[in-house]
Amino acid sequence: MIALFFRDLKLSVRAGGGALIGVLFFMTVVAVIPFGVGPDLNLLSRIGPAIVWIGALLAALLGLDRLFQADRDDGSLDLVLMQETPLVLTVFVKCLAHWTATSLPLVIASPLLGLFMNMDEVAIGAVMLTLLVGSPAITFIGAAGAAVAVALPRGGLLVSILVLPLAIPVLIFGVSASYAAVQEPAPFMPPFLFLIAITLFFAVIGPLAAALALRNASD
């Protein structure tokens, strides 16, 4: 499993630019917002957490279609399906490697973009923490979508269509927890705990659904 993790980590970084493309797209999405809403610093600080979260969500969707595509192209997916290791565990490890290569750099880059949106230290810390907790859920959801579309020649758009509606709760509670950290009447812990619960839920359901879809695709 450790060897599989590092193998997939290298593939995720090399394929299509890996983390660099995601971070550049993330920065581009956030950077164009001030041009649209104007130079009002107070407005930018108010909408900053939501914009950073939306940018991270869209950037995380970019590489989901490649989660199993490289394995299918070189034939290693068939070997994965035939090995004795439970397929669910293999998918889980692949999801962790993909998240480490593509979503973790977004979490690391979020404080810089928070400064760009005139967010204070508490808001930046809250956004970074909620992204760290919530972004794995997007990868686990995307694993199911990528497994469904792995046999299709152009499944990237289908993966985004499948994943985006399911990722909306992650976005809602991530943004809610970020705002609650800077707004005194709103408690931080309830939406944050809901975000943790969503991530844990999809950490179980996502690999299961992806393994089932991969089995059906191979048949």
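Residues numbered from 1 in each chain as written. Predicted model: local features only at pLDDT ≥ 70, side-chain atom pairs only at ≥ 80, totals over all residues. Heavy atoms only, no water.

For helix α7 (residues 121–149), built from 29 residues, the straight-helix expectation of 42 Å at 1.5 Å per residue is met to within 8% by its first-to-last C-alpha distance of 41 Å. Of all bends in α7, the biggest is about 35 degrees, found at L132, and the proline P136 comes one to four residues later. Within α7, 22 of the 29 residues are buried, which leaves it mostly tucked inside the rest of the structure. (Helix = DSSP H or I, 4+ residues; strand = E, 2+ residues; numbered from the N terminus. Expected span 1.5 Å × (residues − 1). Bend = angle between axes of the 7 residues up to and from the residue. Buried < 20%, exposed > 50% of the residue type's maximum accessible area, 1.4 Å probe, protein only.)

What follows deals with the UniProt feature "transmembrane region" (unreviewed entry) in the protein chain. With numbering matched to this structure, UniProt assigns "transmembrane region" (unreviewed entry) to residues 12–37, 43–64, 122–150, 157–180 and 192–214. Regarding residues 157–180, the helix share stands at 100% and the strand share at 0%, and the terminal C-alpha atoms are separated by 34 Å. This span, residues 192–214, is 100% helix and 0% strand, and a straight line between its end C-alpha atoms measures 32 Å. (UniProt positions renumbered as here; feature names shortened; annotations may be inferred.)

We now examine the packing of aromatic side chains. Using the criterion set out here, one finds four aromatic pairs in the structure. Note on F188 and F192: the rings are 5.0 Å apart at their centroids and 25 degrees apart in plane angle, and the pair reads as stacked. Given a relative accessible area of 10%, F192 falls into the buried group. Measuring from ring centre to ring centre gives 5.2 Å for F201 and F202, while their planes differ by 75 degrees; the resulting arrangement is edge-to-face. On the basis of relative accessible area, F201 is assigned to the partly exposed category, the value being 47%. (Phe/Tyr/Trp six-rings, centres within 6.5 Å; stacked < 30°, edge-to-face > 60°.)

Among the surface-exposed residues, I21, F25, I54, L58 and L62 lie close enough to one another that they form a single nonpolar patch of about 360 Å² accessible area. Counting residues per element, the ones that place at least two in the nonpolar patch are α2 (19–37) and α3 (41–61). Along the polypeptide, L62 turns up in the loop between α3 and α4 (69–74). For L62, a relative accessible area of 37% gives the class partly exposed. (Patch = residues over 30% accessible without salt bridge, like charges linked within 9 Å, V, L, I, M, F, W, Y side chains within 5 Å. Areas by Shrake-Rupley, 256 points an atom, 1.4 Å probe, with all protein chains shown as cover. Salt bridge = Lys/Arg side-chain N within 4 Å of Asp/Glu carboxyl O.)

One finds F26, W53, F68, V91, V170 and L214 to be the most contacted residues of the largest nonpolar core, which totals 58 residues. Those elements that place two or more of their residues in this core are α2, α3, α5 (76–82), α6 (87–116), α7, α8 (156–182) and α9 (189–218). It is α7 that contributes the most residues to this core, 13 residues altogether. (Core = buried A, V, L, I, M, F, W, Y, C linked by side-chain atoms within 4.5 Å.)

On to unusual backbone geometry. Most peptide bonds are trans, and most residues other than glycine sit at a negative phi. Unlike most non-glycine residues, N118 shows phi in positive territory, near 60 degrees. Examined against the element boundaries, N118 turns out to sit in the loop between α6 and α7. Classification of N118 as partly exposed rests on a relative accessible area of 35%.

On to α6. The periodicity of an α-helix, 3.6 residues per turn, causes residues three or four places apart in sequence to face the same way. Given a rise of 1.5 Å per residue, 30 residues ought to cover 44 Å, and the 42 Å separating the end C-alpha atoms of α6 matches this to within 8%. Where α6 ends, the next residue or the one after it, N118, has phi of about 60 degrees, a positive value.

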